[in-house]
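The primary structure of each chain is shown beneath.
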Amino acid sequence: MSKTIERRKARTSSDTTKPASIVMNDQPLPTDDWIMRTSGLKKSYYKSKLEVPVLRDVTVEIPRGKFTAIVGQSGSGKSTLLHTLGTLDAPDAGEIHYNENRIDNIAAGRREQLRNRDFGMVFQFYHLLPELTTLENVLLPMMINASAWRYWRERRQRTRRAKELIELVGLSHRLKHRPSELSGGEMQRVAIARALIAEPQLLLADEPTGNLDSKTGDQIMSILRSLNEDSQLTIVMVTHDMSLAETADRTLRLVEGRIQGKPQQPARKSA
Ligand code: ADP
Ligand code: MG
């Protein structure tokens, strides 16, 4: 296991002693069991002045250190919700709290900081830069976040960390390949390593296996599961695939802009 991951594990090791009941969201629990919480989130799009409501009233809690899946039909608003949680989109109404701080109404600079340092994001279509190698794509957030001087000073340590993460996702033999020279599954593994480079507290994944065949998708799922199980990284994954969602710690269903019913308890470890 890499130092990066070990450090994160040390930081969150107390979470492993939390009672199993934190997966039930009908029991209010101390706030520090939740890494993120929303209340009454609303979001509409407008098509020729016609309102298309997507999120009507989303109240949800994301338990720290757990793997949460959000399911719903295509067009049900899963991506909109995930982007809103990740501050890529702003809600029209409602609140989002992250580690006790309200984040839906913060300034653009602070939102950017959260996305760069606290949240890792993985998308269905990878969003890698085609002209960069695997190593450069993984290092990219570090290059953007730091001043040129700081980047140069810390380049060895950062490169080492990037290589550890690339090893973690099993791509050490593809360090110098560009995205066009990689398979879909390999590109998604690069995207996961990139999402982890800043040591995020929360990984938001939007249909991370949606563009992959089922065997490759299973490999991506097993990387995500081990990040969660070995390092207690909190993961929220959006999917329309119920069989994937059932292997998460809890499954939330988005129906007509609301989270429906109680979270489902899965048969996780047997999956
Ligand atoms: P899902 O990820 O569950 O498939 P989305 O969140 O992408 O759903 O989209 C929910 C609904 O919002 C869809 O009907 C979609 O067409 C609409 N929508 C999403 N993004 C936009 C946008 N930028 N402008 C207008 N409508 C949008
Ligand atoms: Mg989507």
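Criteria and thresholds
Residues numbered from 1 in each chain as written. Chains lettered and ligands numbered in written order. Predicted model: local features only at pLDDT ≥ 70, side-chain atom pairs only at ≥ 80, totals over all residues. Heavy atoms only, no water. Buried < 20%, exposed > 50% of the residue type's maximum accessible area, 1.4 Å probe, protein only. Helix = DSSP H or I, 4+ residues; strand = E, 2+ residues; numbered from the N terminus. Core = buried A, V, L, I, M, F, W, Y, C linked by side-chain atoms within 4.5 Å. Contact = heavy atoms within 4.5 Å. Salt bridge = Lys/Arg side-chain N within 4 Å of Asp/Glu carboxyl O. Phe/Tyr/Trp six-rings, centres within 6.5 Å; stacked < 30°, edge-to-face > 60°. Lys NZ or Arg CZ within 6 Å of the ring centre and 35° of its normal. pLDDT = per-residue confidence, 0-100. Expected span 1.5 Å × (residues − 1).

J.: Even after reading the chapter, I still don't get helix α2 (residues 78-85), so can you show me in this structure?
T.: Helical geometry note: an α-helix holds 3.6 residues per turn, so side chains three or four residues apart project in the same direction. α2 sits mainly inside the fold: six of its eight residues count as buried. Residues of α2 that are buried: K78, T80, L81, L82, T84 and L85. Once α2 ends, the next one or two residues include T87, with phi positive near 60°.

J.: For this particular structure, what's the right way to read the nonpolar core?
T.: Counting residues in each nonpolar core, the largest one holds 40 residues, and the members touching the most others are I192, L224 and M237. Elements that contribute at least two residues to this core include exactly β3 (67-71), α4 (134-145), α6 (155-168), α7 (184-196), β7 (202-206), α8 (214-231), β8 (234-239) and α9 (242-245). Per element, the largest residue contribution to this core is seven residues, and it comes from α7. Not counting residues up to four positions away in its chain, the partners in contact with I192 are V122, V169, I220, I223, L224 and L227. If you look at the next biggest cluster of nonpolar residues, it comprises 27 residues, including I70, L81, M121 and V236.

J.: Would you take a moment to explain the pattern of salt bridges for this structure?
T.: Between side chains of opposite charge, pairing is possible as soon as their charged atoms come close. Summed over all chains, the structure comprises five salt bridges. A network of salt bridges, in which partner residues are shared, links E95, R102 and D104.

J.: When you look at the packing of aromatic side chains in this model, what are you seeing that I'm missing?
T.: Note on aromatic pairs: each is described by the distance of the centres and the angle between the planes. By the definition in use, this model includes one aromatic pair. For the pair Y98 and F119, a centre-to-centre distance of 5.0 Å together with 80° between the ring planes defines the contact as edge-to-face. Pair noted here: Y98 is in strand β4 (residues 93-98) and F119 is in strand β6 (residues 119-122), with a separation of 21 residues, a long-range link. The ring of W152 has R155 lying over it, and the distance from NZ or CZ to the ring centre is 4.6 Å.

J.: What exactly am I supposed to notice about the side chain of T80 here?
T.: Relative to the helices and strands, T80 is located in helix α2. Setting aside residues up to four positions removed in sequence, T80 forms contacts with K43, Y45, V54, L55 and D89.

J.: What is the right way to read the confidence of the model for the protein chain from this model?
T.: Low-pLDDT stretches of the model should not have their predicted coordinates read in fine detail. Of the residues in the protein chain, 84% reach a pLDDT of 70 or more, and the chain-wide mean stands at 86. Highest mean pLDDT in the protein chain belongs to β7 (98); lowest belongs to helix α1 (residues 3-12) (38). Considering only residues more than four positions removed or in separate chains, one finds that residues 1-27, a stretch of pLDDT under 50, has 48 contacts.

J.: Looking at this structure, how should I read α6?
T.: Taking 1.5 Å per residue as the helical rise, α6 with its 14 residues ought to reach 20 Å, and the 20 Å between its terminal C-alpha atoms agrees with that figure. Those residues of α6 that sit buried are R158, R161, A162, E164, L165 and I166. Note on α6: the residue one or two positions beyond its end, G170, has a positive phi of about 75°.

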